[in-house]
Amino acid sequence: MSTPELRIAVLGVGMMGANHADRITRRINGARVAVVNDYAADRANAVAAAVPGARVAADPLDAIASDDVDAVLLATPGSVHEKLLLACLEHRKPVLCEKPLTAGADTSLGVVRRESELQTPLIQVGFMRRFDPDYVQLKARIDSGELGQPLVMHCVHRNAAVPPSFDSAMIVTDSLVHEVDATRYLFGEEIVSVQILRPRPTSHAPAGLQDPQIAIFSTAGGRHVDVEVFVNTGVGYEVRAEVVGESGSATIGFERITRDFFDRFGTAYDVEVQRWVDAVRAGVNVDGPTAWDGYAAAAVCAAGLRSLETGEPVAVELAEIM
Ligand code: ISE
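For clarity, every value in this text was computed on a predicted model and none was experimentally measured.

A. Expanded view of the site of the ligand. The local shell around the ligand consists of K99, M128, H157, N159, F166, D174, S175, H178, Y237 and F261. The contact in question runs from an oxygen atom of the ligand to an N or O atom on the side chain of K99, over 3.0 Å. Between an oxygen atom of the ligand and a side-chain N or O atom of Y237, the distance comes to 2.5 Å. Within the complex, the protein chains bury 90% of what would otherwise be the 300 Å² of accessible surface of the ligand. Considering each element in turn, the shell around the ligand owes the most residues, three residues, to helix α7 (residues 168-187). Broken down by class, the residue content of the shell around the ligand amounts to four nonpolar, four polar and two charged.

Following this line, the structure appears as structure tokens:
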């Protein structure tokens, strides 16, 4: 490729952003980290110090507007995504946005609408499982017809532990959201209703945390997906899926326990970021989940949060814009 090296601003260098900054610096071709920003200045300084040629920006909006930034990797807390995504759109800067797209379905819809007004795709959402070799292969097996019509999927999503700030709602919006996207990706259709059941919580979780949770999705084509999300197992990171079709079944992730999601999805993150960089350099900006996918996931999570309160199935409300 003859296009110049992509100069990326990494906004938010907590666990995920710092991991991406290191990835871009050491494993991604055609890009470098030009600017680092974090609300914790010491964290930004520490990450920038490890990246030759990177500078620290005190204000993320200045970083987005800056002439020495071609594209943005957004890894701040979701609560500030809306403002920063709108700024990226304003300045026509392609952005790889870690999930969630924004903190809620309404604000996500606003971002999707603004992007579609510009008639240029600029936002890719960081649902990395779509780049994981196991998920890619499972999708290929479903699409090949080998399993017949898929009918049901059983999923498991377990973390050894989560930060103390994790509440019951975040189990839906931070963890279950990946199964939401995986379902939409694998089956190629929308989720129309969500029910969240509340089994007896583990005594190893902080008091009041509803962990584990069981989610049941129904899709537009009548398929059912059940998910066990359990984020304080104390054991390790486990992500499994079994798709059951009319003519056979296929599994991924069984007997595979890693320390955390960086170990489990390291390859997926590398492929995701490399393909995004290549797409931006080629002028297409997006090669993976779009802002619409981020909005659709947010709409399912919004229904999930309502079901978490009542235990009843809740219909997903999706706006018509595409
Ligand atoms: C975390 O935020 C992630 O995105 C991981 O992929 C997920 O497995 C984990 O449960 C979340 O806390």
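B. View of helix α1 (residues 15-26). Its 12 residues place the ends of α1 17 Å apart at the C-alpha level, agreeing with the 16 Å of an ideal helix rising 1.5 Å per residue. Those residues of α1 that sit buried are M16, G17, H20, A21, R23 and I24. Looking down the long axis of α1, one finds its buried residues gathered within 165 degrees of arc, a one-sided arrangement. Counted as exposed and oriented over 90 degrees from the buried face of α1: M15 and R26. Those residues of α1 hidden inside the fold are in contact with β1 (6-11), β2 (31-37), α2 (41-49), β4 (71-74) and α8 (261-281).

C. Geometry of the sheet that holds strand β7 (residues 150-158). Ordered by their spatial adjacency, seven strands build an open sheet running β12-β11-β7-β10-β9-β8-β13, and the pairing between neighbours is mixed. Across the chains shown, the open sheet's two edge strands, defined by having one partner strand only, are β12 (249-252) and β13 (314-315). Here β7 runs beside strand β11 (residues 238-245); their pairing, made up of eight bridges, is antiparallel. Looking at the pairing, R158 lines up with E238 of β11. Packed onto the sheet, helix α6 (residues 133-144) meets β7, β11 and β12 and runs at close to 170 degrees relative to β12.

D. Representation of the domain arrangement of the chain in the model. With domains assigned, the chain is organised as domain 1 (6-128 + 265-290) and domain 2 (129-263 + 298-315). Here domain 1 and domain 2 have C-alpha centroids that lie 26 Å from each other. Taken together, the 21 residues of domain 1 in the interface contact 18 residues of domain 2. Interface area, domain 1 with domain 2, both sides summed: about 1700 Å², of which 71% is carbon and sulfur. Where domain 1 meets domain 2, there are one salt bridge. The partner of D174 in a salt bridge is K99, with the nearest N and O atoms 3.5 Å apart. Connecting domain 1 to domain 2 are seven residue pairs in polar contact (both at pLDDT 80 or more). Per element, the largest residue contribution to the side of domain 1 that touches domain 2 is eight residues, and it comes from α8. Here the residues of the side of domain 1 that touches domain 2 are counted per class, giving 10 nonpolar, seven polar and four charged.

E. Expanded view of the pairing of strand β8 (residues 191-197). Burial runs high along β8: five of the seven residues are buried. Pairing geometry for β8 and strand β9 (residues 213-219), over six bridges, is antiparallel. Residue pairing across strands places I196 opposite A215, the latter belonging to β9. Bridge count for β8 against β13 is two bridges, and the pairing is antiparallel. The residue of β13 that forms the bridge with S193 is A315.

Rules used throughout
- Residues numbered from 1 in each chain as written.
- Predicted model: local features only at pLDDT ≥ 70, side-chain atom pairs only at ≥ 80, totals over all residues.
- Heavy atoms only, no water.
- Near = heavy atom within 4 Å.
- Polar contact = N/O pair within 3.5 Å; in protein donor to acceptor, adjacent residues only side chain to side chain.
- Areas by Shrake-Rupley, 256 points an atom, 1.4 Å probe, with all protein chains shown as cover.
- Helix = DSSP H or I, 4+ residues; strand = E, 2+ residues; numbered from the N terminus.
- Nonpolar A, V, L, I, M, F, W, Y, C, P; charged D, E, K, R; others polar.
- Expected span 1.5 Å × (residues − 1).
- Buried < 20%, exposed > 50% of the residue type's maximum accessible area, 1.4 Å probe, protein only.
- Arc of directions from axis to C-beta.
- Contact = heavy atoms within 4.5 Å.
- Pairing = 2+ DSSP bridges.
- Axes fitted to C-alpha atoms, helices over the stretch in contact; angles between N-to-C directions.
- Domains from an automatic or database assignment.
- Buried area = accessible area lost by both parts, 1.4 Å probe.
- Salt bridge = Lys/Arg side-chain N within 4 Å of Asp/Glu carboxyl O.

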